[in-house]
Protein chains: 2
Amino acid sequence: MRILVQKFGGTSVKDLACMREVLKKVLRECERGYKLVVVLSARAGETNRLLALAQEWSATPDPAECDSLVSTGEQVSTALFTMLLKDCGVRARSLLAFQAPIITDEVYGKARISTFDQKRLLDMLQEYDVLVMAGFQGITRDERITTLGRGGSDTSAVAVAAALSAERCDIYTDVDGVYTTDPNLCSDARKLERISYDEMLEMASMGAKVLEIRSVEFAKKYSVPVQVRSTFTDAAGTMLTKEDKTMEHVLVSGIAYDKDQARITLRSVPDKPGVAAGIFGPLSAAGVTVDMIIQNSSQEGLTDITFTVSRKELGKALAVVEKVRLELHGMEVLHDAAVCKVSIIGVGMRNHSGVAAQAFEALCKENINIMLISTSEIKISCLIEEKYAELAVRVLHEAFGLSKSPLSA
Amino acid sequence: MRILVQKFGGTSVKDLACMREVLKKVLRECERGYKLVVVLSARAGETNRLLALAQEWSATPDPAECDSLVSTGEQVSTALFTMLLKDCGVRARSLLAFQAPIITDEVYGKARISTFDQKRLLDMLQEYDVLVMAGFQGITRDERITTLGRGGSDTSAVAVAAALSAERCDIYTDVDGVYTTDPNLCSDARKLERISYDEMLEMASMGAKVLEIRSVEFAKKYSVPVQVRSTFTDAAGTMLTKEDKTMEHVLVSGIAYDKDQARITLRSVPDKPGVAAGIFGPLSAAGVTVDMIIQNSSQEGLTDITFTVSRKELGKALAVVEKVRLELHGMEVLHDAAVCKVSIIGVGMRNHSGVAAQAFEALCKENINIMLISTSEIKISCLIEEKYAELAVRVLHEAFGLSKSPLSA
């Protein structure tokens, strides 16, 4: 049995006309002899409509009831789409989380999938040619409905593909693949034929939001071949695969950027044990997610600490820091929300020095000052002034020759 | 454990303001020490909205998918109402058909409840004070979602009350009880304190549509004490109970009428075996529901047969009859859609003659011609010209002294 998983997002199923396009994609793969699991999101706008209802009913809606409420969005889209399939004579049925069942933990609103009943799904695929599965939803061992959080349908799709050892998991979206950088910023951005899971993780977390990051982690963990492709064209998309030798020949795969950054600098912090914990402990307790952290070497027992947070959490972060300041005499707090993080990503840089130097030189040529630098094995991130964001992306894209296919080079 | 079941219809839960009224009714019974199962319908208009979606997607929507679709209406209302309860600190949870579970047969769109998991529900009532149950929906043994048909939430409520041996099942609606006749027609119609299941069955099937008829059958079968009462007042409603001695002292309990009637008369039908079957067999095959049937004694080997059908099925019925006419030479077909059925109902008439005579005399006094008569043990129905409907109801209500309470008589 050759199994394919297809996932379609909210804009792909928003009305009858869109669903008819989805229908073509599904029927095409049926004709090729695949058994299909088609994972659908709620129709565009529906989840927000339901969440607004919850907010009208309660200032702090019960999380379990909220999940039961919003999961109806996917129930509606799967029922409607299955009607279309049945009208075409396809042996199909809708499949809700409790029917699959898709077992999750009990973290309502952001549950994690724990198990699938593989045998049951395979049995159903004997009886049906297409299972139309509600994405985003799960069920606890106690049979309460959960949801997987925003973008959870991607995770549903990759998880079911892993459970069934599907030949491929096609994620249909409104872009036609993963690009070397944002095509809106850089006209010669190139669609990648392939990208490794790790690179995709860095690209996704950097704001190149094509795929929900948890779905990429899932795909990596179970080596699920995932293809990102467009609902509105027939072109092949970008394949997410395991890293292989040929990938290492490519130093840099893409340039990502993230404008949702704000910088906080603490000047003249006493350089003694426990101070860093005294700052980042309260930030964590207040639910502030800290991204980059830099501490310079100290002078005369005093040091500077700089970190970045999401812009919408800047106010909350400053309030926490202010409390710390009152305790640490002489400390000064500076902040700046007009900053941007630009990142160079590629598994190839792991075995090659010189990528960082080449990047800094390219930025320097344009007089772009680098405020912070942070690196991982396959990524170099620089914090720069926001006004230089687009220029920096174009300069780096050019410096690493990303507009040219590595195969033709 | 004292258990009470409360059921609220779509108009009672249509918005936040209405749900707050429902909340008061629920909290009042909680304070009295009851454990509650609160059965909710979808918010008013929601089921029709979902059915319209199904019709947009498919001319003949798959019945199983249609049930999965429309059952979301109750899922939304139960989640929202449970949020309100939780905000009041009540130990509550929503309960969908698959969670209860409410097992039904596989007749999608009009399923019948087969079993409840009584023990599981009782266990939940140990943990929770209020279970907010989605009415109208069920689940097959195969875990597919079904619906119980229009008015199915009444049946859900009575069935769960039977399964839990609840002290009472309160059906909250937009009228405050069952009346001796339609108060819109007859200003001195009186609210009944009690009515037997059998009388209620006749009242309901006659068009006094307070309760869904299947829920009354269920209540009768399991002797569930059901109270029909208003969401918008605090007054006691009408109790449906087993028939008892005191009821037999009352000859007539109520007058019902049904304007959804059309009459078809077949003249000069050959009076020989198999002719009736040759007429009503094809009608049944065509899905036409026949109500009253009268055949007069024959003359010269020919007879007349008259029957009534719902007005919206008159065209279909005439088409069937026309085919029969072509086979039975010489038969003539007459029809009349301007007719109305008026019924006199009461368990007391079982042991008393004279009710029929009294009714015919009352109608005769007003020169109202009776076209057809049909009787059961506790009911006498007369088909009359539609224009006399209101007059006939008032005349009969007066003739049997229904405006006066039998206790004060």
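Residues numbered from 1 in each chain as written. Chains lettered and ligands numbered in written order. Predicted model: local features only at pLDDT ≥ 70, side-chain atom pairs only at ≥ 80, totals over all residues.

Draft legend 1. How the structure looks around the overall build of chain A. Scanning chain A from N- to C-terminus turns up 13 helices and 18 strands. Taken over the C-alpha trace, chain A has a radius of gyration of 24 Å; the compact-globule value for 409 residues is 22 Å, and the two agree within 12%. Principal-axis analysis of the C-alpha atoms gives chain A an extent of 80 × 60 × 35 Å. Burial analysis of chain A (409 residues in total) assigns 47% to the buried set. Taking the contacts inside chain A whose residues are at least 6 apart along the sequence as the reference set, 75% of them involve residues at least 24 apart. (Helix = DSSP H or I, 4+ residues; strand = E, 2+ residues; numbered from the N terminus. Rg over C-alpha atoms; globule rule 2.2 N^0.38 Å. Buried ≥ 20, exposed ≤ 12 C-beta atoms within 10 Å, placed from the backbone. Contact = placed C-beta atoms within 7 Å.)

Draft legend 2. View of the pairing of strand E2 (residues 35–40) of chain A. Residue and element names in this part refer to chain A. Of all six residues that make up E2, six are buried, and the element is covered over most of its length. In E2, alternate side chains face the same way, and those of Lys 35, Val 37 and Val 39 on one face and Leu 36, Val 38 and Leu 40 on the other are all buried. Relative to E2, strand E1 (residues 3–8) runs parallel, the two sharing six bridges. For Gln 6, the partnering residue across the bridge sits in E2 and is Val 38. Crossover handedness for the path E1 to helix H1 (residues 16–31) to E2: right-handed. (Pairing = 2+ DSSP bridges. Right-handed = clockwise from strand over helix to strand, strands pointing away.)

Draft legend 3. Looking closely at the domain arrangement of chain A. Residues and elements named next belong to chain A. If you check the domain split of chain A, you get domain 1 (3–243) and domain 2 (255–399). Using only C-alpha atoms to locate each centre, domain 1 and domain 2 end up separated by 34 Å. Counting residues at the interface gives 15 residues for domain 1, matched by 15 residues for domain 2. With four residues, the single largest contributor to the side of domain 1 that touches domain 2 is helix H7 (residues 197–205). Taken together, the residues of the side of domain 1 that touches domain 2 sort by class into six nonpolar, four polar and five charged. (Domains from an automatic or database assignment. Nonpolar A, V, L, I, M, F, W, Y, C, P; charged D, E, K, R; others polar.)

Draft legend 4. Here's a closer look at the sheet that holds strand E6 (residues 130–134) of chain B. All names here are of chain B. Spatial ordering of the open sheet is given by E3-E6-E2-E1-E9-E11-E12-E10, a layout of eight strands whose pairing is mixed. Two strands lie at the open edges of the sheet, namely strand E3 (92–95) and strand E10 (194–196), each paired on one side alone. For this sheet, the mean inter-axis angle between neighbouring strands, taken without regard to orientation, is 20°. Bridging between strand E11 (residues 226–230) and strand E12 (residues 238–241) involves three bridges; their strand directions are antiparallel. When the bridges of E12 are listed, Val 228 appears paired with Thr 238. (Axes fitted to C-alpha atoms, helices over the stretch in contact; angles between N-to-C directions.)

Draft legend 5. Quick peek at helix H13 (residues 389–399) of chain B. All names here are of chain B. Within the span of H13, buried status applies to Ala 392, Val 393, Val 395, Leu 396 and His 397. Where H13 is buried, its residues touch strand E13 (254–270), strand E16 (332–345), helix H12 (355–365) and strand E18 (379–385). One or two steps after H13, the chain reaches Gly 401, where phi turns positive at roughly 60°.

Draft legend 6. Just the sheet that holds strand E15 (residues 302–309) of chain A, in detail. Residue and element names in this part refer to chain A. Strand order in the open sheet formed by six strands is E14-E15-E13-E16-E18-E17, and the pairing between neighbours is antiparallel. Only two strands of the sheet have a single neighbouring strand rather than two, namely strand E14 (290–295) and strand E17 (370–376). Here the average twist between neighbouring strands, direction ignored, is 30°. Sheet topology places strand E13 (residues 254–270) next to strand E16 (residues 332–345); eleven bridges connect them, and they run antiparallel.

Draft legend 7. Fine view of unusual backbone geometry. Here the residue pair A:Ala100 and A:Pro101 is connected by a cis peptide bond, since its omega of -20° sits within 30 degrees of zero. Among the secondary structure elements, A:Pro101 is positioned in the loop between strand E3 (92–95) and strand E4 (102–104). Phi at B:Phe136 is positive, roughly 75°, even though this residue is not glycine. Within the element layout of this structure, B:Phe136 appears in the loop between E6 and strand E7 (137–139). Take B:Phe136: there are 28 C-beta atoms within 10 Å of it, and that puts it in the buried class. Positive phi outside glycine occurs at B:Ser223, with the angle close to 50°.

Draft legend 8. Representation of the environment of A:Asp260 within the structure. Position of A:Asp260 relative to the elements: it lies in strand E13. A sequence separation of 52 residues divides A:Asp260 from A:Lys312, and the C-alpha atoms of the two residues are 8.1 Å apart.

Draft legend 9. Structural detail: H12(B). Residue and element names in this part refer to chain B. For H12, the set of buried residues is Val 355, Ala 359 and Leu 363. All buried residues of H12 project into a common sector of 65° when viewed along the axis, lining one side. Opposite the buried face of H12, at more than 90 degrees from it, the exposed residues are Ala 357, Glu 361, Cys 364 and Lys 365. Taken together, the buried residues of H12 touch E16, strand E17 (370–376), E18 and H13. Backbone geometry just after H12 places Asn 367 at a positive phi near 60°. (Arc of directions from axis to C-beta.)

Draft legend 10. Representation of the pairing of E11(B) in the model. Direction of pairing for strand E9 (residues 168–173) of chain B relative to E11(B): parallel, over a ladder of five bridges. Bridge pairing links B:Thr173 to B:Ser230 in E11(B).

Draft legend 11. Quick look at the interface of chain B and chain A. Each side of the interface is counted separately: chain B has 25 residues, and chain A has 25 residues. Counting residues per element, the ones that place at least two in the side of chain B that touches chain A are helix H2 (46–57), helix H3 (63–70) and helix H4 (72–87) of chain B. Top contributing element to the side of chain B that touches chain A by residue count: H4(B), with ten residues. Its residues placed into classes, the side of chain B that touches chain A shows twelve nonpolar, seven polar and six charged.

Draft legend 12. Representation of the relation of the copies chain B and chain A within the structure. Screw-axis analysis of chain B against chain A gives a translation of 0.1 Å along the axis, an RMSD of 0.1 Å, and a rotation angle of 179°. Interpreted geometrically, this transformation is the action of a two-fold axis. No C-alpha of chain B approaches the rotation axis more nearly than that of B:Thr72, which lies at 2.9 Å. Take the interface residues of chain B: 100% of them recur as interface residues in chain A, which is what a same-surface contact looks like. (Least-squares fit on C-alpha atoms with pLDDT ≥ 70 in both.)

Draft legend 13. Summary view of the packing of helix H10 (residues 275–285) of chain A against helix H11 (residues 314–327) of chain A. All names here are of chain A. Orientation of H10 relative to H11, taken along the N-to-C sense of each, is 140°, at an axis distance of 10 Å. Taken together, the axis directions place H10 and H11 in an arrangement best described as oblique. Of the two elements, H10 crosses H11, and the hand of that crossing is right-handed. Residues Gly 278, Ile 279, Pro 282 and Leu 283 of H10 form the contact with H11, whose participating residues are Ala 317, Val 320, Lys 323 and Val 324. Residues that form the contact of H10 with H11 fall into these classes: six nonpolar, one polar and one charged. (Parallel < 35°, antiparallel > 145°, perpendicular 65-115°, else oblique. Left-handed = near helix turned anticlockwise from the far one by under 90°.)

Draft legend 14. Inspection of the environment of A:Lys272 at higher detail. Along the chain, A:Lys272 falls in the loop between E13 and H10. Sequence separation between A:Lys272 and A:Leu302 is 30 residues, and the spatial gap between their C-alpha atoms is 8.6 Å.

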